[in-house]
Every structure is written in structure tokens, then in C-alpha cells.
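Coordinate analysis (summary)
Here's the letter readout for the chains.
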Amino acid sequence: MAPMNAFLTITGIETLHVRMERHCANAQKVARSGVASAGGVGSYAGLESSPYYALARKYVPKGAGSVFTFG
């Protein structure tokens with residue numbers, strides 16, 4: 001690995017935990033607001049209405065990630 005690439009990788013890893021917490025929190029907010037809108041969020045494991053909610057709480061207790069679908 002080139003020195004600059006190694007530096008950028010290390011810098012990214014140092015802040016990864018903070019960025020992932022924010023990604024999960026933002027996705028949760030968008031998904032909650034999307035449920036109320038027409039068409040709304042089709043699926044997000046972090047929502048209580050999701051069939052995958054229990055699995056998400058078990059396997060990813062710090063957040064269900066930042067990916068969801070729209071219906």
C-alpha cells in the first residue's frame with residue numbers, strides 16, 4: 001500500500017465509529033419520517049414495524065445501518 005493510501009485508511013478507521021453512529025441515527029430519523037409519508041419507507045430493520053426488527057436488535061444492537069427501501 002502506498003504511504004498516502006495507508007494514511008487515508010488509518011484516518012478513516014479512526015473516525016469510523018462516530019460516522020457509523022451518525023449514519024444509523026440519521027437513517028432512523030429518515031425512516032421514521034418516511035413511514036408517515038405517502039409511499040413511505042418500504043423496509044428498514046430499525047423500525048418496530050419491520051419483520052426484521054427483532055433480528056436487528058439481536059445482531060446489530062448499536063443500529064440497523066443506514067440502508068432502507070422506499071415503497
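The structure this text deals with has already been given above.
Residues numbered from 1 in each chain as written. Predicted model: local features only at pLDDT ≥ 70, side-chain atom pairs only at ≥ 80, totals over all residues. Heavy atoms only, no water.

1. Here's the deal with a nonpolar patch on the surface
For the record, the criterion: Here the term patch refers to residues with relative accessible area over 30% and no salt bridge, with like charges joined within 9 Å and nonpolar side chains (Val, Leu, Ile, Met, Phe, Trp, Tyr) within 5 Å. All accessible areas in this document rest on Shrake-Rupley with a 1.4 Å probe, and a residue is counted as covered only by the protein chains that are shown. Put simply, a salt bridge is a Lys or Arg side-chain nitrogen that is within 4 Å of an Asp or Glu carboxyl oxygen. Numbering goes from the N terminus for both helices and strands, where a helix is a DSSP run of H or I of at least four residues and a strand is a run of E of at least two.
Taken together, the side chains of Tyr-52, Leu-55, Tyr-59 and Val-60 make up a nonpolar region of the molecular surface, amounting to roughly 440 Å² of accessible area. With respect to the secondary-structure elements, Leu-55 resides in helix H3 (residues 53-59).

2. Some details on the nonpolar core
Here is the rule: What we call a nonpolar core is a set of buried Ala, Val, Leu, Ile, Met, Phe, Trp, Tyr and Cys residues that are connected through their side-chain atoms within 4.5 Å. Three labels apply to residues, based on accessible area from a 1.4 Å probe with only protein chains included: buried if under 20% of the type maximum, exposed if over 50%, partly exposed otherwise in between. Here a residue-residue contact requires only that any non-hydrogen atoms of the pair lie within 4.5 Å.
If you look at the biggest cluster of nonpolar residues, it comprises 5 residues: Ala-27, Ala-31, Tyr-44, Leu-47 and Phe-68. Apart from the residues lying within four places of it in its own chain, the contact partners of Ala-27 are Tyr-44, Gly-65, Ser-66 and Phe-68.

3. Topic: the side chain of Gln-28
On the secondary structure map, Gln-28 appears in helix H2 (residues 16-36). Taking the relative accessible area as the measure of exposure, Gln-28 reaches 19% and is therefore buried.

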